[in-house]
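Per-entry structural report
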Amino acid sequence: MSWVISDACNDGRDMQFKLFDTTNNLVWPGNTTHWIIRSNQTIEQSISCKTNARICYGGRADGLTTKYWGVDLDKSKSCSGCCFLCQTGRTDVNLTCM
């Protein structure tokens, strides 16, 4: 599964980002690591997940605990529209300011 994640917040801050498989209790890139999306940039990450597993994204503005996206960087929040079923193809996510 390929993810294309864009920092569309335009606040000048980098973003920390993770993916969570809530079906199989997996985390990408890892429990103690995260990807960095530079301010106003886009990254593409591919993951290997089981078909139809529920994958949720979580992100946080670098250096802030109050600005988050999806399930947050520690999967502590609930979300609407931030989870997708694992399948072949590309999932595009534009993270705008809240």
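Now for a description of the structure that goes with this document. As the structure is a prediction and not an experimental result, all values here were calculated from the model.

Reading the values: rules and limits
Residues numbered from 1 in each chain as written. Predicted model: local features only at pLDDT ≥ 70, side-chain atom pairs only at ≥ 80, totals over all residues. Heavy atoms only, no water. Core = buried A, V, L, I, M, F, W, Y, C linked by side-chain atoms within 4.5 Å. Buried < 20%, exposed > 50% of the residue type's maximum accessible area, 1.4 Å probe, protein only. Contact = heavy atoms within 4.5 Å. Pairing = 2+ DSSP bridges. Helix = DSSP H or I, 4+ residues; strand = E, 2+ residues; numbered from the N terminus. Axes fitted to C-alpha atoms, helices over the stretch in contact; angles between N-to-C directions.

1. Brief notes about the nonpolar core
The biggest cluster of nonpolar side chains holds 25 residues, and the ones touching the most others in it are Trp3, Phe17, Leu19, Ile47, Ile55, Tyr57 and Leu95. Setting aside chain neighbours within four positions, we find Trp3 in contact with Leu19, Ile43, Glu44, Gln45, Ile47, Ile55, Tyr57, Phe84, Thr91 and Val93.

2. Considerations on the sheet that holds strand S1 (residues 2-7)
Strand order in this open sheet of three strands is S5-S1-S9, and the pairing throughout is mixed. Strands at the two margins of the open sheet, each flanked by one partner only, are strand S5 (42-46) and strand S9 (90-95). Averaged over all pairs of adjacent strands, the angle between their axes in this sheet comes to 15°, without regard to strand direction. With five bridges joining them, S1 and S5 adopt antiparallel strand pairing. Across the sheet, Val4 pairs through a bridge with Glu44, a residue of S5.

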